Amino acid sequence: MTTSTNFHTDWASLLDDKIEQFIETGTTVLDNCYQMDALQALQNESGFIDYKEAKLTHGERQSHIRGDSIRWIDHDCPAGLAYLDSINELGAYFNRTLYTGIRSSEAHYACYPAGFGYQWHSDNPVGRDERVISAVFYLNDDWREQDGGQITVINKLGDTVQLLPKLNRLIIFDSNLRHQVEITHRRRFSIATWLRKDEKWV
Ligand SMILES: O=C(O)CCC(=O)C(=O)O
Ligand SMILES: [Fe+2]
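As the structure is a computational prediction, the values presented were derived from the model and not from experiment.

Visitor: Any chance you could break down the nonpolar core for me, citing the residues and the numbers?
Guide: The biggest cluster of nonpolar side chains holds 36 residues, and the ones touching the most others in it are Y34, Y83, F94, F137 and L170. Listed by contribution, the elements that provide at least two residues to this core are α1 (11-15), α2 (19-25), α3 (36-47), α4 (78-98), β4 (104-112), β6 (131-138), β9 (169-174) and β11 (188-196). If you tally residues by element for this core, the top one is α4, at eight residues. Residue contacts for Y83: discarding those within four places in its chain leaves F7, Y34, L42, I73, A107, F137, L170, I191 and T193. One finds V29, Y138, I151 and V153 within the second-largest nonpolar core, a separate group that totals nine residues.

Written as structure tokens, this is what we have:
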């Protein structure tokens, strides 16, 4: 741990009741993941960092597809690293319960300005499958329906799941599922996170 902030979360107690749902649908949502000091540390770090422009895999921003600015979590982000330590515990939980073979994680802060979203996509580029599970954690106080910015996921059964990006909420889904971010009407902060089956690259 690189910070004294408390990021401890008992993933089994949050997920044991939902794991059947995750197997069946490829999606689940957890609320109240962390304590207030951890949330504040993440909010603080996400709001005071210099965002780089989001890049698609071919290296060019396409704001008609995605409108977020991102910053990858690295050694300059102590709260983000503590968050990733806890996400690695989540990966260990999935490996124990579902034999997912997760070996690394990666995450970036993202900020969507009002008027932007992220159109339909899946998190593995065509022909790749290293990302096993996607998890998006939200940092937005008092988010309301009229603020927009919902994440919409088509689950394994073909049903549409739509959720608000509320503070302390983690949405977890199979990285191959298609999803989008609806146009947000307020500045929207999140941490996009992936559990991967290959070795860490940072
Ligand atoms: O912020 C979200 O709700 C999802 C973001 C996303 O799909 C991505 O960054 O790949
Ligand atoms: Fe995505």
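Visitor: Describe in detail the packing of aromatic side chains, supporting the description with residues and values.
Guide: Applying the stated criterion across every chain, the model contains eight aromatic pairs. Measuring from centroid to centroid gives 6.2 Å for W11 and Y34, while their planes differ by 90°, and the two rings are edge-to-face. Taken as a pair, W11 in helix α1 and Y34 in the loop between β1 (27-31) and α3 lie far apart in primary sequence, 23 residues in all. Between W72 and W194, the aromatic rings sit 6.0 Å apart at their centres with planes inclined by 45°, giving tilted as the arrangement. With a gap of 122 residues between them, W72 in strand β3 (residues 69-72) and W194 in strand β11 connect regions that are remote in the sequence. Overall, the relative accessible area of 26% leaves W72 in the partly exposed class. Overall, the relative accessible area of 7% leaves W194 in the buried class.

Visitor: Which residues make up the site of ligand 1, and what values go with them?
Guide: Near ligand 1 you find 13 residues, and of these H121, D123, Y138, H179 and R188 are the closest. For ligand 1, an oxygen atom lies 2.9 Å from a polar atom in the side chain of H179. A distance of 2.8 Å separates an oxygen atom of ligand 1 from a polar side-chain atom of R188. Relative to its free-state accessible area of 300 Å², ligand 1 is covered by the protein chains to the extent of 97%. When contributions to the shell around ligand 1 are tallied by element, the ones reaching two or more residues are β5 (118-121), β6, β10 (179-181) and β11.

Cut-offs used in this document
- Within each chain, residue numbers correspond to sequence positions counted from 1 in written order.
- Chain letters and ligand numbers both follow the written order, the letters beginning at A and the numbers at 1.
- Note on the predicted model: pLDDT of at least 70 is required for a residue's local features to be given, and 80 or more for side-chain atom pairs to be given and counted; whole-chain, interface and lining totals, by contrast, use all residues.
- The side-chain quantities take in all heavy atoms of the structure and omit both hydrogens and water.
- Residues enter a nonpolar core if they are buried and are Ala, Val, Leu, Ile, Met, Phe, Trp, Tyr or Cys, with the set joined through side-chain atoms within 4.5 Å.
- Burial classes follow relative accessibility: with a 1.4 Å probe on protein chains only, a residue under 20% of its type's maximum area counts as buried, one over 50% as exposed, and anything between as partly exposed.
- Secondary structure counts use DSSP, requiring at least four H or I residues in a row for a helix and at least two E residues in a row for a strand, with both numbered from the N terminus.
- Two residues qualify as a contact provided that any one of their heavy atoms is within 4.5 Å of a heavy atom in the partner residue.
- Two rings from Phe, Tyr or Trp (for Trp, the six-membered ring) form a pair when their centres sit within 6.5 Å of each other. Planes less than 30 degrees apart are called stacked, planes more than 60 degrees apart edge-to-face, and all others tilted.
- Proximity is defined per residue: if any heavy atom of the residue lies within 4 Å of a molecule or strand, that residue is considered near it.
- By the criterion applied in these results, polar contacts are pairs of N or O atoms within 3.5 Å in which, for protein atoms, one can donate a hydrogen and the other can accept it, and in which residues neighboring in sequence qualify only through two side-chain atoms.
- Using a 1.4 Å probe, accessible areas were evaluated by the Shrake-Rupley method; residue-level cover was limited to the displayed protein chains.

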